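# Examining the three-dimensional arrangement
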2 protein chains.
Amino acid sequence: MHDSQPAAHVFDAAVALTPQGDAYAGHTSTAYANMVGPFGGAIGATLLNAVMLHPDRLGDPLTLTVNFAAPIADGAFSVQARVMRTNRSTQHWMVELLQDGQVPAFATLITAVRRDTWSETDADFPLAPPPAQVAQSPAHPRAAWTGCYEMRFISGMPGQPASDTGGHPSETRLWIRDQPARPLDFLSLAAMCDAFYPRVLLRRSSWTPAGTVALTTYFHADAAQLQAHGNAPLLGAARALRYNKGFFDQSAEMWTPAGVLLATSHQVVYFKE
Amino acid sequence: MHDSQPAAHVFDAAVALTPQGDAYAGHTSTAYANMVGPFGGAIGATLLNAVMLHPDRLGDPLTLTVNFAAPIADGAFSVQARVMRTNRSTQHWMVELLQDGQVPAFATLITAVRRDTWSETDADFPLAPPPAQVAQSPAHPRAAWTGCYEMRFISGMPGQPASDTGGHPSETRLWIRDQPARPLDFLSLAAMCDAFYPRVLLRRSSWTPAGTVALTTYFHADAAQLQAHGNAPLLGAARALRYNKGFFDQSAEMWTPAGVLLATSHQVVYFKE
(Lines give C-alpha, C1' and ligand atoms only; values in the text may rest on other atoms or scores of the structure.)
Protein backbone atom coordinates (compact mmCIF):
# COMPACT_ATOMS: atom_id res chain seq x y z
CA MET A 1 0.00 0.00 0.00
CA HIS A 2 1.25 3.44 -0.90
CA ASP A 3 0.49 6.60 0.95
CA SER A 4 1.85 9.94 -0.21
CA GLN A 5 0.76 11.63 3.03
CA PRO A 6 3.49 11.70 5.66
CA ALA A 7 2.27 10.11 8.89
CA ALA A 8 0.92 12.68 11.34
CA HIS A 9 3.02 13.40 14.42
CA VAL A 10 1.73 11.37 17.35
CA PHE A 11 0.65 14.58 19.11
CA ASP A 12 -1.28 15.84 16.10
CA ALA A 13 -3.00 12.47 15.85
CA ALA A 14 -3.91 12.64 19.55
CA VAL A 15 -5.57 16.06 19.38
CA ALA A 16 -7.11 15.60 15.92
CA LEU A 17 -10.75 16.57 15.46
CA THR A 18 -13.03 15.91 12.51
CA PRO A 19 -15.99 18.18 11.73
CA GLN A 20 -19.26 16.47 12.63
CA GLY A 21 -22.27 18.72 12.03
CA ASP A 22 -21.79 21.76 14.26
CA ALA A 23 -19.38 19.82 16.50
CA TYR A 24 -16.17 17.84 16.14
CA ALA A 25 -15.41 14.15 16.58
CA GLY A 26 -12.32 13.06 18.48
CA HIS A 27 -10.82 9.96 20.06
CA THR A 28 -8.54 9.30 23.01
CA SER A 29 -4.97 8.36 22.15
CA THR A 30 -3.25 5.22 23.43
CA ALA A 31 0.08 7.05 23.08
CA TYR A 32 -1.12 9.71 25.53
CA ALA A 33 -2.74 7.34 28.02
CA ASN A 34 -2.22 8.11 31.68
CA MET A 35 -2.33 5.61 34.56
CA VAL A 36 -6.11 5.95 34.44
CA GLY A 37 -7.74 7.51 31.37
CA PRO A 38 -6.06 9.98 29.04
CA PHE A 39 -3.30 12.49 29.87
CA GLY A 40 -5.09 15.72 30.83
CA GLY A 41 -2.71 17.84 28.80
CA ALA A 42 -3.78 16.11 25.59
CA ILE A 43 -7.46 16.57 26.50
CA GLY A 44 -6.96 20.28 27.21
CA ALA A 45 -5.12 20.67 23.90
CA THR A 46 -7.95 18.85 22.11
CA LEU A 47 -10.53 21.25 23.59
CA LEU A 48 -8.33 24.16 22.51
CA ASN A 49 -8.07 22.60 19.05
CA ALA A 50 -11.84 22.87 18.64
CA VAL A 51 -11.42 26.64 18.85
CA MET A 52 -8.27 26.70 16.68
CA LEU A 53 -10.25 24.91 13.95
CA HIS A 54 -13.39 27.01 14.37
CA PRO A 55 -14.16 29.32 11.42
CA ASP A 56 -15.31 32.10 13.76
CA ARG A 57 -12.12 32.29 15.82
CA LEU A 58 -10.65 35.76 16.38
CA GLY A 59 -6.93 35.91 17.22
CA ASP A 60 -4.66 33.60 19.20
CA PRO A 61 -5.28 31.81 22.51
CA LEU A 62 -4.76 34.05 25.54
CA THR A 63 -6.21 31.89 28.34
CA LEU A 64 -7.33 28.28 28.66
CA THR A 65 -9.15 26.94 31.72
CA VAL A 66 -9.94 23.22 31.62
CA ASN A 67 -12.23 21.51 34.11
CA PHE A 68 -11.70 17.79 34.50
CA ALA A 69 -15.17 16.99 35.77
CA ALA A 70 -15.27 13.20 35.56
CA PRO A 71 -13.27 10.25 34.22
CA ILE A 72 -12.92 10.17 30.44
CA ALA A 73 -13.30 6.69 28.98
CA ASP A 74 -10.88 5.43 26.35
CA GLY A 75 -12.60 5.81 23.00
CA ALA A 76 -14.59 8.32 20.96
CA PHE A 77 -15.97 11.66 22.07
CA SER A 78 -17.35 14.81 20.50
CA VAL A 79 -16.38 18.42 21.18
CA GLN A 80 -18.64 21.46 20.93
CA ALA A 81 -17.24 24.99 20.91
CA ARG A 82 -19.50 27.99 21.47
CA VAL A 83 -18.68 31.68 21.25
CA MET A 84 -19.85 33.39 24.43
CA ARG A 85 -18.84 36.87 23.33
CA THR A 86 -16.94 38.51 20.49
CA ASN A 87 -15.38 41.92 21.08
CA ARG A 88 -13.20 44.01 18.81
CA SER A 89 -10.01 42.21 19.73
CA THR A 90 -10.99 39.48 22.23
CA GLN A 91 -13.34 36.51 22.12
CA HIS A 92 -14.65 34.32 24.94
CA TRP A 93 -15.40 30.64 24.36
CA MET A 94 -17.04 27.70 26.10
CA VAL A 95 -15.97 24.24 24.93
CA GLU A 96 -17.51 20.94 26.05
CA LEU A 97 -16.29 17.38 25.61
CA LEU A 98 -19.22 15.01 25.34
CA GLN A 99 -19.06 11.28 25.86
CA ASP A 100 -22.11 9.06 26.29
CA GLY A 101 -24.31 12.10 26.85
CA GLN A 102 -22.16 13.34 29.73
CA VAL A 103 -19.65 16.20 29.93
CA PRO A 104 -16.56 14.77 31.63
CA ALA A 105 -14.42 17.79 30.63
CA PHE A 106 -15.06 21.34 29.55
CA ALA A 107 -13.09 24.51 29.08
CA THR A 108 -13.46 28.24 28.94
CA LEU A 109 -10.94 30.17 26.97
CA ILE A 110 -10.16 33.57 25.55
CA THR A 111 -8.62 34.33 22.20
CA ALA A 112 -7.20 37.75 21.41
CA VAL A 113 -5.62 39.72 18.62
CA ARG A 114 -2.23 40.59 20.10
CA ARG A 115 -0.51 43.83 19.22
CA ASP A 116 2.84 45.34 20.05
CA THR A 117 3.09 47.05 23.43
CA TRP A 118 5.68 47.58 26.12
CA SER A 119 7.02 44.15 27.07
CA GLU A 120 8.76 43.03 30.23
CA THR A 121 9.22 39.94 32.41
CA ASP A 122 9.05 40.13 36.21
CA ALA A 123 9.43 36.41 36.86
CA ASP A 124 12.98 35.14 37.29
CA PHE A 125 14.45 32.92 34.58
CA PRO A 126 15.24 29.64 36.39
CA LEU A 127 18.86 28.58 36.67
CA ALA A 128 19.53 25.60 34.44
CA PRO A 129 22.39 23.93 32.60
CA PRO A 130 21.83 23.54 28.86
CA PRO A 131 19.72 20.54 27.78
CA ALA A 132 22.70 18.60 26.39
CA GLN A 133 24.22 18.54 29.88
CA VAL A 134 21.14 16.98 31.49
CA ALA A 135 20.34 13.30 31.12
CA GLN A 136 17.06 12.32 29.53
CA SER A 137 14.74 10.45 31.89
CA PRO A 138 13.14 7.20 30.86
CA ALA A 139 9.39 7.17 30.40
CA HIS A 140 7.28 6.17 33.37
CA PRO A 141 6.28 2.54 32.75
CA ARG A 142 2.70 3.11 33.90
CA ALA A 143 2.05 6.44 32.15
CA ALA A 144 2.37 6.05 28.37
CA TRP A 145 2.16 9.80 27.74
CA THR A 146 5.53 10.36 29.40
CA GLY A 147 7.06 8.52 26.44
CA CYS A 148 5.73 11.28 24.18
CA TYR A 149 8.01 13.82 25.85
CA GLU A 150 11.74 14.21 26.01
CA MET A 151 12.16 15.18 29.65
CA ARG A 152 15.48 16.15 31.21
CA PHE A 153 15.04 16.75 34.91
CA ILE A 154 17.38 19.30 36.40
CA SER A 155 15.75 19.07 39.83
CA GLY A 156 12.66 17.72 41.50
CA MET A 157 12.08 14.41 39.75
CA PRO A 158 9.59 12.36 41.77
CA GLY A 159 10.96 9.11 43.12
CA GLN A 160 14.56 10.24 42.86
CA PRO A 161 16.82 11.28 45.71
CA ALA A 162 16.28 14.94 46.54
CA SER A 163 18.48 17.17 44.44
CA ASP A 164 18.96 20.90 44.43
CA THR A 165 15.53 22.53 44.41
CA GLY A 166 16.90 25.97 45.18
CA GLY A 167 15.57 25.72 48.69
CA HIS A 168 12.00 25.18 47.50
CA PRO A 169 10.56 21.87 48.65
CA SER A 170 8.34 21.14 45.64
CA GLU A 171 10.12 22.71 42.71
CA THR A 172 10.84 20.85 39.50
CA ARG A 173 12.99 22.28 36.75
CA LEU A 174 13.23 20.34 33.52
CA TRP A 175 13.90 20.65 29.81
CA ILE A 176 10.96 19.32 27.88
CA ARG A 177 9.86 18.90 24.26
CA ASP A 178 7.69 16.65 22.19
CA GLN A 179 9.19 13.26 21.35
CA PRO A 180 9.76 13.05 18.43
CA ALA A 181 10.55 16.76 18.20
CA ARG A 182 7.75 18.89 16.77
CA PRO A 183 7.53 22.64 16.09
CA LEU A 184 5.96 24.44 19.05
CA ASP A 185 2.42 25.76 18.72
CA PHE A 186 -0.41 26.64 21.10
CA LEU A 187 -1.66 23.05 21.21
CA SER A 188 1.66 21.50 22.21
CA LEU A 189 2.44 24.34 24.61
CA ALA A 190 -0.96 23.88 26.28
CA ALA A 191 -0.34 20.16 26.70
CA MET A 192 3.19 20.62 28.05
CA CYS A 193 1.90 22.98 30.74
CA ASP A 194 0.15 19.93 32.24
CA ALA A 195 3.21 17.65 32.02
CA PHE A 196 4.43 18.31 35.56
CA TYR A 197 3.81 15.49 38.00
CA PRO A 198 1.55 16.31 40.95
CA ARG A 199 3.76 18.16 43.44
CA VAL A 200 2.45 16.08 46.32
CA LEU A 201 4.52 13.17 44.96
CA LEU A 202 7.66 15.23 45.64
CA ARG A 203 6.60 16.04 49.18
CA ARG A 204 5.33 12.71 50.50
CA SER A 205 7.44 9.65 50.93
CA SER A 206 4.52 7.34 50.17
CA TRP A 207 2.63 7.38 46.89
CA THR A 208 -0.86 8.91 47.02
CA PRO A 209 -3.50 9.01 44.29
CA ALA A 210 -3.64 12.51 42.79
CA GLY A 211 -5.22 14.13 39.74
CA THR A 212 -5.81 17.55 38.24
CA VAL A 213 -9.34 18.88 38.65
CA ALA A 214 -8.88 22.24 36.93
CA LEU A 215 -6.06 23.94 35.04
CA THR A 216 -5.64 27.51 33.83
CA THR A 217 -2.94 28.53 31.35
CA TYR A 218 -2.02 32.03 30.21
CA PHE A 219 -0.21 32.39 26.89
CA HIS A 220 2.34 35.18 26.69
CA ALA A 221 3.15 34.93 23.00
CA ASP A 222 1.35 35.09 19.70
CA ALA A 223 1.47 32.48 16.95
CA ALA A 224 4.45 34.11 15.23
CA GLN A 225 6.49 34.12 18.43
CA LEU A 226 5.75 30.43 19.01
CA GLN A 227 6.57 29.58 15.43
CA ALA A 228 9.91 31.38 15.72
CA HIS A 229 10.79 29.05 18.61
CA GLY A 230 10.88 25.98 16.40
CA ASN A 231 11.29 22.63 18.12
CA ALA A 232 13.93 23.44 20.74
CA PRO A 233 13.27 22.24 24.29
CA LEU A 234 11.46 24.48 26.75
CA LEU A 235 12.61 25.05 30.30
CA GLY A 236 9.74 24.23 32.63
CA ALA A 237 9.54 25.10 36.30
CA ALA A 238 6.74 24.14 38.68
CA ARG A 239 6.04 24.66 42.37
CA ALA A 240 3.17 23.94 44.73
CA LEU A 241 1.78 26.63 47.02
CA ARG A 242 -0.48 24.94 49.58
CA TYR A 243 -1.83 21.45 50.34
CA ASN A 244 -4.92 21.29 52.53
CA LYS A 245 -8.02 19.15 53.01
CA GLY A 246 -7.69 16.99 49.94
CA PHE A 247 -6.44 19.50 47.35
CA PHE A 248 -3.36 21.50 46.50
CA ASP A 249 -2.40 23.99 43.82
CA GLN A 250 0.71 24.16 41.68
CA SER A 251 2.02 26.81 39.28
CA ALA A 252 4.28 26.33 36.28
CA GLU A 253 6.29 28.50 33.93
CA MET A 254 7.45 27.59 30.42
CA TRP A 255 10.55 29.40 29.15
CA THR A 256 12.58 29.39 25.95
CA PRO A 257 16.30 28.68 26.34
CA ALA A 258 16.88 32.39 25.63
CA GLY A 259 14.77 33.40 28.63
CA VAL A 260 11.42 34.29 27.05
CA LEU A 261 8.46 33.30 29.24
CA LEU A 262 5.95 31.76 26.83
CA ALA A 263 3.26 30.58 29.24
CA THR A 264 2.32 30.44 32.90
CA SER A 265 -0.05 27.79 34.17
CA HIS A 266 -1.87 27.03 37.42
CA GLN A 267 -3.81 24.01 38.51
CA VAL A 268 -5.65 22.57 41.48
CA VAL A 269 -5.06 18.91 42.17
CA TYR A 270 -6.95 16.35 44.20
CA PHE A 271 -4.92 14.13 46.51
CA LYS A 272 -6.12 11.33 48.71
CA GLU A 273 -4.29 11.59 52.00
CA MET B 1 -39.67 54.85 60.79
CA HIS B 2 -38.61 51.80 62.73
CA ASP B 3 -36.83 48.82 61.33
CA SER B 4 -35.99 45.85 63.49
CA GLN B 5 -33.68 44.43 60.80
CA PRO B 6 -30.08 45.59 61.11
CA ALA B 7 -28.89 47.15 57.87
CA ALA B 8 -27.00 44.70 55.68
CA HIS B 9 -23.25 45.18 55.41
CA VAL B 10 -22.42 47.13 52.27
CA PHE B 11 -20.68 44.06 50.81
CA ASP B 12 -23.65 41.78 51.46
CA ALA B 13 -25.91 44.33 49.79
CA ALA B 14 -23.57 44.46 46.78
CA VAL B 15 -23.54 40.72 46.17
CA ALA B 16 -27.19 40.09 47.14
CA LEU B 17 -29.28 37.95 44.82
CA THR B 18 -33.05 37.36 44.87
CA PRO B 19 -34.59 34.18 43.48
CA GLN B 20 -36.32 34.88 40.18
CA GLY B 21 -37.77 31.73 38.62
CA ASP B 22 -34.82 29.39 38.05
CA ALA B 23 -32.37 32.30 38.15
CA TYR B 24 -31.45 35.13 40.49
CA ALA B 25 -31.89 38.89 40.22
CA GLY B 26 -29.02 41.20 41.19
CA HIS B 27 -27.98 44.82 40.83
CA THR B 28 -24.67 46.62 40.57
CA SER B 29 -23.61 48.53 43.69
CA THR B 30 -22.68 52.20 43.67
CA ALA B 31 -20.45 51.51 46.70
CA TYR B 32 -18.42 49.03 44.63
CA ALA B 33 -18.23 51.12 41.47
CA ASN B 34 -14.90 51.14 39.66
CA MET B 35 -13.59 53.87 37.35
CA VAL B 36 -15.75 52.35 34.63
CA GLY B 37 -18.48 49.88 35.58
CA PRO B 38 -18.48 47.74 38.73
CA PHE B 39 -15.46 46.40 40.66
CA GLY B 40 -14.74 42.97 39.20
CA GLY B 41 -14.22 41.44 42.63
CA ALA B 42 -17.82 42.21 43.57
CA ILE B 43 -19.07 40.73 40.28
CA GLY B 44 -17.06 37.55 40.79
CA ALA B 45 -18.39 37.25 44.35
CA THR B 46 -21.93 37.75 43.06
CA LEU B 47 -21.49 34.92 40.55
CA LEU B 48 -20.12 32.73 43.34
CA ASN B 49 -23.10 33.73 45.49
CA ALA B 50 -25.48 32.20 42.93
CA VAL B 51 -23.85 28.85 43.72
CA MET B 52 -23.68 29.48 47.48
CA LEU B 53 -27.45 30.09 47.45
CA HIS B 54 -28.22 27.17 45.13
CA PRO B 55 -30.16 24.32 46.76
CA ASP B 56 -28.14 21.70 44.84
CA ARG B 57 -24.71 22.89 46.00
CA LEU B 58 -22.33 20.21 47.28
CA GLY B 59 -19.54 21.39 49.58
CA ASP B 60 -17.50 24.58 49.69
CA PRO B 61 -15.93 26.56 46.84
CA LEU B 62 -12.61 25.13 45.65
CA THR B 63 -12.02 27.11 42.44
CA LEU B 64 -13.58 30.17 40.82
CA THR B 65 -12.73 31.31 37.29
CA VAL B 66 -14.46 34.51 36.19
CA ASN B 67 -14.43 35.76 32.60
CA PHE B 68 -15.05 39.47 32.19
CA ALA B 69 -16.31 39.30 28.64
CA ALA B 70 -17.76 42.76 28.11
CA PRO B 71 -18.58 45.97 30.01
CA ILE B 72 -21.28 45.56 32.67
CA ALA B 73 -23.72 48.46 32.77
CA ASP B 74 -24.74 50.00 36.09
CA GLY B 75 -28.12 48.56 36.97
CA ALA B 76 -30.00 45.29 37.16
CA PHE B 77 -28.86 41.88 35.91
CA SER B 78 -29.79 38.26 36.36
CA VAL B 79 -27.57 35.29 37.21
CA GLN B 80 -28.08 31.69 36.14
CA ALA B 81 -26.14 28.85 37.75
CA ARG B 82 -26.05 25.41 36.14
CA VAL B 83 -24.56 22.19 37.48
CA MET B 84 -22.28 20.71 34.83
CA ARG B 85 -21.39 17.63 36.85
CA THR B 86 -21.93 16.25 40.35
CA ASN B 87 -19.50 13.65 41.68
CA ARG B 88 -19.31 12.05 45.09
CA SER B 89 -17.35 14.92 46.64
CA THR B 90 -16.92 17.53 43.88
CA GLN B 91 -19.28 19.52 41.72
CA HIS B 92 -18.62 21.60 38.59
CA TRP B 93 -20.67 24.71 37.82
CA MET B 94 -21.25 27.20 35.01
CA VAL B 95 -22.64 30.59 36.04
CA GLU B 96 -23.72 33.33 33.65
CA LEU B 97 -24.51 36.99 34.31
CA LEU B 98 -27.16 38.23 31.88
CA GLN B 99 -27.88 41.84 31.10
CA ASP B 100 -30.02 43.00 28.17
CA GLY B 101 -29.85 39.55 26.61
CA GLN B 102 -26.04 39.52 26.62
CA VAL B 103 -23.53 37.67 28.82
CA PRO B 104 -20.95 40.28 29.87
CA ALA B 105 -19.53 38.01 32.59
CA PHE B 106 -19.54 34.29 33.34
CA ALA B 107 -17.75 31.90 35.63
CA THR B 108 -16.88 28.27 36.01
CA LEU B 109 -16.29 26.98 39.48
CA ILE B 110 -15.85 23.83 41.49
CA THR B 111 -17.25 23.09 44.90
CA ALA B 112 -15.92 20.24 47.01
CA VAL B 113 -16.52 18.48 50.27
CA ARG B 114 -13.20 19.00 52.04
CA ARG B 115 -11.83 16.40 54.42
CA ASP B 116 -8.80 16.19 56.65
CA THR B 117 -5.55 15.21 54.95
CA TRP B 118 -1.88 15.97 55.28
CA SER B 119 -1.51 19.74 55.15
CA GLU B 120 1.52 21.84 54.28
CA THR B 121 2.43 25.20 52.77
CA ASP B 122 5.26 25.56 50.25
CA ALA B 123 4.76 29.27 49.55
CA ASP B 124 6.72 31.65 51.78
CA PHE B 125 4.79 33.77 54.27
CA PRO B 126 5.57 37.35 53.19
CA LEU B 127 7.50 39.56 55.59
CA ALA B 128 5.22 42.21 57.05
CA PRO B 129 4.95 44.42 60.11
CA PRO B 130 1.66 44.02 62.02
CA PRO B 131 -1.34 45.97 60.65
CA ALA B 132 -1.32 48.51 63.49
CA GLN B 133 2.16 49.60 62.42
CA VAL B 134 1.13 50.32 58.83
CA ALA B 135 -0.78 53.45 57.87
CA GLN B 136 -4.17 53.05 56.24
CA SER B 137 -4.32 54.42 52.70
CA PRO B 138 -7.07 56.80 51.66
CA ALA B 139 -9.56 55.55 49.11
CA HIS B 140 -8.85 56.26 45.46
CA PRO B 141 -11.06 59.24 44.57
CA ARG B 142 -12.05 57.74 41.20
CA ALA B 143 -12.66 54.13 42.33
CA ALA B 144 -15.46 54.04 44.92
CA TRP B 145 -14.84 50.35 45.74
CA THR B 146 -11.48 51.17 47.31
CA GLY B 147 -13.44 52.92 50.08
CA CYS B 148 -15.03 49.55 50.93
CA TYR B 149 -11.63 48.18 51.97
CA GLU B 150 -9.26 49.04 54.76
CA MET B 151 -5.95 48.83 52.90
CA ARG B 152 -2.59 49.23 54.59
CA PHE B 153 0.17 49.13 51.98
CA ILE B 154 3.45 47.72 53.19
CA SER B 155 5.04 47.97 49.76
CA GLY B 156 4.09 48.49 46.15
CA MET B 157 1.36 51.12 46.30
CA PRO B 158 0.82 52.55 42.81
CA GLY B 159 1.58 56.24 42.50
CA GLN B 160 3.79 56.28 45.57
CA PRO B 161 7.58 56.44 45.59
CA ALA B 162 9.04 52.98 45.25
CA SER B 163 9.46 51.29 48.60
CA ASP B 164 10.92 47.96 49.54
CA THR B 165 9.47 45.35 47.21
CA GLY B 166 11.94 42.72 48.31
CA GLY B 167 13.78 43.05 45.04
CA HIS B 168 10.67 42.23 43.01
CA PRO B 169 9.67 45.04 40.66
CA SER B 170 5.90 44.54 40.77
CA GLU B 171 5.18 43.19 44.23
CA THR B 172 2.58 44.67 46.52
CA ARG B 173 2.18 43.59 50.11
CA LEU B 174 -0.75 44.97 52.06
CA TRP B 175 -3.07 44.31 54.96
CA ILE B 176 -6.66 44.30 53.76
CA ARG B 177 -10.12 43.77 55.16
CA ASP B 178 -13.67 44.87 54.50
CA GLN B 179 -14.54 48.37 55.66
CA PRO B 180 -16.48 48.32 57.91
CA ALA B 181 -15.01 45.07 59.22
CA ARG B 182 -17.01 41.94 58.33
CA PRO B 183 -16.44 38.27 59.19
CA LEU B 184 -14.52 36.54 56.40
CA ASP B 185 -16.35 34.11 54.13
CA PHE B 186 -15.90 32.76 50.61
CA LEU B 187 -17.67 35.72 49.05
CA SER B 188 -15.53 38.39 50.68
CA LEU B 189 -12.36 36.38 50.18
CA ALA B 190 -13.17 35.96 46.47
CA ALA B 191 -13.70 39.70 46.10
CA MET B 192 -10.51 40.61 47.98
CA CYS B 193 -8.47 38.42 45.64
CA ASP B 194 -9.31 40.94 42.92
CA ALA B 195 -8.47 44.02 45.02
CA PHE B 196 -4.88 44.34 43.78
CA TYR B 197 -4.30 47.15 41.32
CA PRO B 198 -3.08 46.13 37.87
CA ARG B 199 0.65 45.51 38.25
CA VAL B 200 1.42 47.48 35.11
CA LEU B 201 0.63 50.64 37.08
CA LEU B 202 3.59 49.84 39.35
CA ARG B 203 5.91 49.31 36.42
CA ARG B 204 5.10 52.21 34.12
CA SER B 205 5.65 55.85 34.96
CA SER B 206 2.65 56.92 32.87
CA TRP B 207 -0.88 55.73 33.54
CA THR B 208 -2.27 53.21 31.06
CA PRO B 209 -5.80 51.84 30.80
CA ALA B 210 -5.88 48.28 32.19
CA GLY B 211 -8.57 45.80 33.17
CA THR B 212 -8.93 42.17 34.22
CA VAL B 213 -10.19 39.87 31.49
CA ALA B 214 -10.16 36.59 33.47
CA LEU B 215 -9.44 35.64 37.06
CA THR B 216 -8.96 32.24 38.70
CA THR B 217 -8.97 31.77 42.47
CA TYR B 218 -8.16 28.61 44.44
CA PHE B 219 -9.54 28.35 47.97
CA HIS B 220 -7.32 26.54 50.45
CA ALA B 221 -9.74 26.47 53.38
CA ASP B 222 -13.20 25.22 54.14
CA ALA B 223 -16.06 27.26 55.57
CA ALA B 224 -15.14 26.43 59.17
CA GLN B 225 -11.55 27.57 58.65
CA LEU B 226 -12.71 30.87 57.17
CA GLN B 227 -15.24 31.38 59.95
CA ALA B 228 -12.53 30.81 62.55
CA HIS B 229 -10.59 33.72 61.04
CA GLY B 230 -13.21 36.28 62.05
CA ASN B 231 -12.76 39.81 60.75
CA ALA B 232 -9.02 40.31 61.20
CA PRO B 233 -7.10 41.78 58.24
CA LEU B 234 -5.54 39.47 55.66
CA LEU B 235 -2.02 39.85 54.35
CA GLY B 236 -2.16 40.06 50.59
CA ALA B 237 0.78 39.77 48.23
CA ALA B 238 0.68 40.15 44.46
CA ARG B 239 3.24 40.00 41.65
CA ALA B 240 3.17 40.11 37.88
CA LEU B 241 4.98 37.52 35.78
CA ARG B 242 5.07 38.77 32.20
CA TYR B 243 3.74 41.70 30.14
CA ASN B 244 3.60 41.21 26.38
CA LYS B 245 1.50 42.28 23.41
CA GLY B 246 -1.34 43.92 25.29
CA PHE B 247 -1.77 41.56 28.25
CA PHE B 248 -0.01 40.55 31.44
CA ASP B 249 -0.69 38.13 34.26
CA GLN B 250 -0.47 38.64 37.99
CA SER B 251 -0.70 36.20 40.91
CA ALA B 252 -1.84 36.92 44.45
CA GLU B 253 -1.76 35.16 47.80
CA MET B 254 -4.06 35.85 50.77
CA TRP B 255 -2.67 34.96 54.21
CA THR B 256 -3.95 35.14 57.77
CA PRO B 257 -1.74 37.06 60.23
CA ALA B 258 -0.76 33.66 61.68
CA GLY B 259 0.62 32.51 58.34
CA VAL B 260 -2.19 30.35 56.94
CA LEU B 261 -2.52 30.66 53.17
CA LEU B 262 -6.29 30.92 52.55
CA ALA B 263 -6.36 31.53 48.81
CA THR B 264 -4.18 31.92 45.75
CA SER B 265 -5.42 33.83 42.73
CA HIS B 266 -4.25 34.46 39.20
CA GLN B 267 -5.51 36.83 36.55
CA VAL B 268 -4.78 38.04 33.07
CA VAL B 269 -5.10 41.75 32.50
CA TYR B 270 -5.46 43.86 29.38
CA PHE B 271 -3.27 46.94 29.11
CA LYS B 272 -3.19 49.52 26.37
CA GLU B 273 0.41 50.41 25.69
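The rules behind the values
Residues numbered from 1 in each chain as written. Chains lettered and ligands numbered in written order. Predicted model: local features only at pLDDT ≥ 70, side-chain atom pairs only at ≥ 80, totals over all residues. Heavy atoms only, no water. Contact = heavy atoms within 4.5 Å. Buried area = accessible area lost by both parts, 1.4 Å probe. Salt bridge = Lys/Arg side-chain N within 4 Å of Asp/Glu carboxyl O. Polar contact = N/O pair within 3.5 Å; in protein donor to acceptor, adjacent residues only side chain to side chain. Patch = residues over 30% accessible without salt bridge, like charges linked within 9 Å, V, L, I, M, F, W, Y side chains within 5 Å. Areas by Shrake-Rupley, 256 points an atom, 1.4 Å probe, with all protein chains shown as cover. Helix = DSSP H or I, 4+ residues; strand = E, 2+ residues; numbered from the N terminus. Least-squares fit on C-alpha atoms with pLDDT ≥ 70 in both. Expected span 1.5 Å × (residues − 1). Buried < 20%, exposed > 50% of the residue type's maximum accessible area, 1.4 Å probe, protein only. Phe/Tyr/Trp six-rings, centres within 6.5 Å; stacked < 30°, edge-to-face > 60°.

## Concerning the interface of chain A and chain B
The interface of chain A with chain B comprises 66 residues on the first partner and 67 residues on the second. In total, about 5,900 Å² of surface goes out of reach between chain A and chain B, with carbon and sulfur atoms giving 54% of it. On the chain A side of the interface with chain B, the three residues burying the most area are W118(A), D122(A) and K245(A), jointly 15% of the side's total. Counting across the interface, chain A meets chain B through 6 salt bridges. With a closest N to O distance of 2.7 Å, R203(B) and D122(A) form a salt bridge. On inspection of chain A and its partner chain B, the count reaches 55 residue pairs in polar contact (both at pLDDT 80 or more).

## Topic: a nonpolar patch on the surface
Taken together, the side chains of M35(A), V36(A) and W207(A) define a hydrophobic patch exposed on the protein surface, amounting to about 350 Å² of accessible area. Here V36(A) is to be found in the loop between strand 2 (23–27) and helix 2 (40–52).

## With respect to the relation of the copies chain A and chain B
In the superposition of chain A on chain B (RMSD 0.0 Å, axial shift 0.0 Å), the rotation amounts to 180 degrees. Such a combination of turn and shift is consistent with a two-fold rotation axis. With an isologous cut-off of 70% or more, the 100% of interface residues of chain A that recur at the interface of chain B puts this contact in the isologous class.

## Focus on helix 2 (residues 40–52) of chain B
For helix 2 of chain B, built from 13 residues, the straight-helix expectation of 18 Å at 1.5 Å per residue is met to within 8% by its first-to-last C-alpha distance of 18 Å. Helix 2 of chain B sits mainly inside the fold: 12 of its 13 residues count as buried.

## Overview of the packing of aromatic side chains
Residues and elements named next belong to chain A. If you walk through the whole model with that rule in mind, you get 29 aromatic pairs over all chains. Relative to Y149, the ring of F39 has its centre 6.1 Å away and its plane inclined at 75 degrees; by these criteria the two rings are edge-to-face. Of the two residues, F39 is situated in the loop between strand 2 and helix 2 and Y149 in strand 8 (residues 149–155); the sequence distance between them amounts to 110 residues. F39 sits in the buried class, given a relative accessible area of 2%. A relative accessible area of 2% places Y149 in the buried class. With a centroid separation of 6.4 Å and 45 degrees between ring planes, the pair formed by W145 and Y197 is classed as tilted. Of the two residues, W145 is situated in the loop between strand 7 (120–121) and strand 8 and Y197 in the loop between helix 3 (186–192) and helix 4 (200–203); the sequence distance between them amounts to 52 residues.

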